[in-house]
Amino acid sequence: MIAIVKNTGLKWLWIAVLALVLDQVTKLWILAILKEGDIIPVFQGFNIVLRYNPGAAFSFLADAGGWQRWFFTIIAAGVSVVLVGILYRLPLTERINGIAYSLVLGGAIGNLIDRLLYGKVVDFIDWYYGSYHWPAFNIADSAICIGVVLLIIDMLFYAKKRELAGNVGDH
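Quick notes on the rules
- Residues numbered from 1 in each chain as written.
- Predicted model: local features only at pLDDT ≥ 70, side-chain atom pairs only at ≥ 80, totals over all residues.
- Heavy atoms only, no water.
- Helix = DSSP H or I, 4+ residues; strand = E, 2+ residues; numbered from the N terminus.
- Buried < 20%, exposed > 50% of the residue type's maximum accessible area, 1.4 Å probe, protein only.
- Lys, Arg positive; Asp, Glu negative; His and termini not counted.
- Salt bridge = Lys/Arg side-chain N within 4 Å of Asp/Glu carboxyl O.
- Polar contact = N/O pair within 3.5 Å; in protein donor to acceptor, adjacent residues only side chain to side chain.
- Contact = heavy atoms within 4.5 Å.
- Patch = residues over 30% accessible without salt bridge, like charges linked within 9 Å, V, L, I, M, F, W, Y side chains within 5 Å.
- Areas by Shrake-Rupley, 256 points an atom, 1.4 Å probe, with all protein chains shown as cover.
- Core = buried A, V, L, I, M, F, W, Y, C linked by side-chain atoms within 4.5 Å.
- Phe/Tyr/Trp six-rings, centres within 6.5 Å; stacked < 30°, edge-to-face > 60°.
- Lys NZ or Arg CZ within 6 Å of the ring centre and 35° of its normal.
- Pairing = 2+ DSSP bridges.
- pLDDT = per-residue confidence, 0-100.
- Expected span 1.5 Å × (residues − 1).
- Arc of directions from axis to C-beta.

Asker: Tell me about the side chain of Asp126, and name the residues and values.
Answerer: Mapped onto the elements of the fold, Asp126 is located in strand β3 (residues 121–129). One buried charged residue, Asp126, remains without a salt bridge, the closest side chain of opposite sign being Arg51 at 5.4 Å. Within the structure, the side chain of Asp126 is placed 2.9 Å from the side chain of His133, a separation counted as a polar contact. With near-sequence residues (within four places) excluded, Asp126 lies in contact with Gly45, Phe46, Asn47, Val49, His133 and Trp134.

Asker: How would you explain a nonpolar patch on the surface if you had to name every residue and give the values?
Answerer: Together, Trp29, Ile33, Ile40, Val42, Phe43, Trp127, Tyr132 and Trp134 make up a nonpolar patch on the protein surface, roughly 820 Å² of accessible area in all. Listing elements by their share of the nonpolar patch, those giving two or more residues are α2 (13–33) and β1 (39–43). The element that contributes the greatest number of residues to the nonpolar patch is β1, accounting for 3 residues. Structurally, the position occupied by Phe43 is in strand β1.

Asker: An account of the nonpolar core is needed here, citing residue identities and associated values.
Answerer: In globular proteins that are soluble, nonpolar side chains generally tend to be buried together. Counting residues in each nonpolar core, the largest one holds 9 residues, listed as Ile30, Leu34, Phe46, Ile48, Leu50, Val122, Phe124, Ile125 and Phe137. For this core, the secondary structure elements donating two or more residues are β2 (46–53) and β3. Residue contacts for Ile125: discarding those within four places in its chain leaves Phe46, Asn47, Pro135, Ala136, Phe137, Asn138 and Ile139. Counting 8 residues, the second largest nonpolar core, distinct from the first, contains Leu83, Leu87, Leu90 and Leu105.

Asker: Please give an account of the packing of aromatic side chains that cites residues and values.
Answerer: Enumeration over the complete set of coordinates arrives at 4 aromatic pairs. Ring plane angle 65 degrees and centroid distance 5.2 Å describe the contact between Phe71 and Phe72, whose orientation is recorded as edge-to-face. The rings of Phe43, Phe46 and Trp127 are connected pair by pair, giving a single aromatic cluster. One cation-aromatic arrangement involves Lys11 over Trp12; the distance from NZ or CZ to the ring centre is 5.4 Å. It is Lys120 that lies over the ring of Tyr52; its NZ or CZ is 5.0 Å from the centre.

Asker: Now, about the pairing of β1: what can you tell me, with residues and values included?
Answerer: Pairing analysis gives 4 bridges linking β1 to β2, with the strands arranged antiparallel. For Pro41, the partnering residue across the bridge sits in β2 and is Asn47. Linking β1 to β2, which pair antiparallel, is a turn of 2 residues; within it Gly45 sits at a positive phi near 100 degrees.

Asker: With reference to specific residues and values, describe the environment of Tyr128.
Answerer: Relative to the assigned elements, Tyr128 resides in strand β3. Between the C-alpha atoms of Tyr128 and Gly45, which are 83 residues apart in sequence, the distance is 4.7 Å. Apart from the residues lying within four places of it in its own chain, the contact partners of Tyr128 are Phe43, Gln44, Gly45, Phe46, Asn47 and His133.

Asker: Outline the confidence of the model for the protein, supporting the account with residue identities and numerical values.
Answerer: With 84% of its residues at a pLDDT of 70 or more, the protein shows a mean pLDDT of 88. When mean pLDDT is compared element by element in the protein, α2 scores highest at 98, while helix α1 (residues 2–6) scores lowest at 64. The model gives residues 167–171 a pLDDT under 50, and that stretch makes 0 contacts with residues more than four places away or in other chains.

Asker: How would you summarise the sheet that holds β1 if you had to cite specific residues and measurements?
Answerer: Taking strand neighbours across the sheet as the criterion, the 4 strands line up as β1-β2-β3-β4 in an open arrangement whose pairing is antiparallel. A strand with exactly one partner marks an edge of an open sheet, and here the two such strands are β1 and β4 (132–133).

Asker: So, α2: which residues are in play, and what are the values?
Answerer: Over its 21 residues, α2 extends 31 Å from the first C-alpha to the last, a length consistent with the 30 Å expected when each residue adds 1.5 Å. Looking only at α2, the buried set comprises Ile15, Ala16, Ala19, Asp23, Gln24, Lys27 and Ile30. Angular distribution of buried residues about the axis of α2 spans 155 degrees; they occupy a single face of the element. Facing away from the buried side of α2 by over 90 degrees, the exposed positions are Trp14, Val25, Leu28 and Ala32. Packing partners of the buried residues in α2 comprise β2, α4 (95–118), β3 and α5 (139–157).

Pasting the structure below:
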């Protein structure tokens with residue numbers, strides 16, 4: 001078992017666990033100190049708040065009547081299983097992808113736990129400029145976004161190099 005983890009992209013699972021733990025600990029802290037609608041100003045442009053999101057990113061389908069809870073729960077569970085499979089097959093040399101997939105996995109599981117426990121996702125990070133507020137989000141959302149950005153960077157700058165390096169001996 002240890003050899004499987006050490007010799008595959010599963011080596012990066014600790015990043016998923018770290019993202020998940022940070023996400024859940026911060027959410028428990030927010031739930032302990034705030035009630036929905038409370039605002040703690042931190043500095044100009046940043047507040048800590050408590051918001052619940054029954055939908056997906058940017059409150060997509062938030063007013064859908066309740067069915068979206070199970071829809072997004074099933075999607076998050078399915079994506080998590082697929083990501084573990086991808087990590088298992090991922091070569092150790094693909095560090096950026098291993099880190100990226102692990103961040104997305106940790107974030108997906110963090111929000112999945114919220115849907116199972118509360119029926120909605122706990123959000124608390126509130127960035128704003130003037131009267132414009134970015135939709136509230138959490139550590140899990142941040143991990144997913146960072147993971148996706150890393151995947152895009154890998155795709156744009158490193159995937160072609162790996163492909164060319166792998167084809168050198170084919171001629």
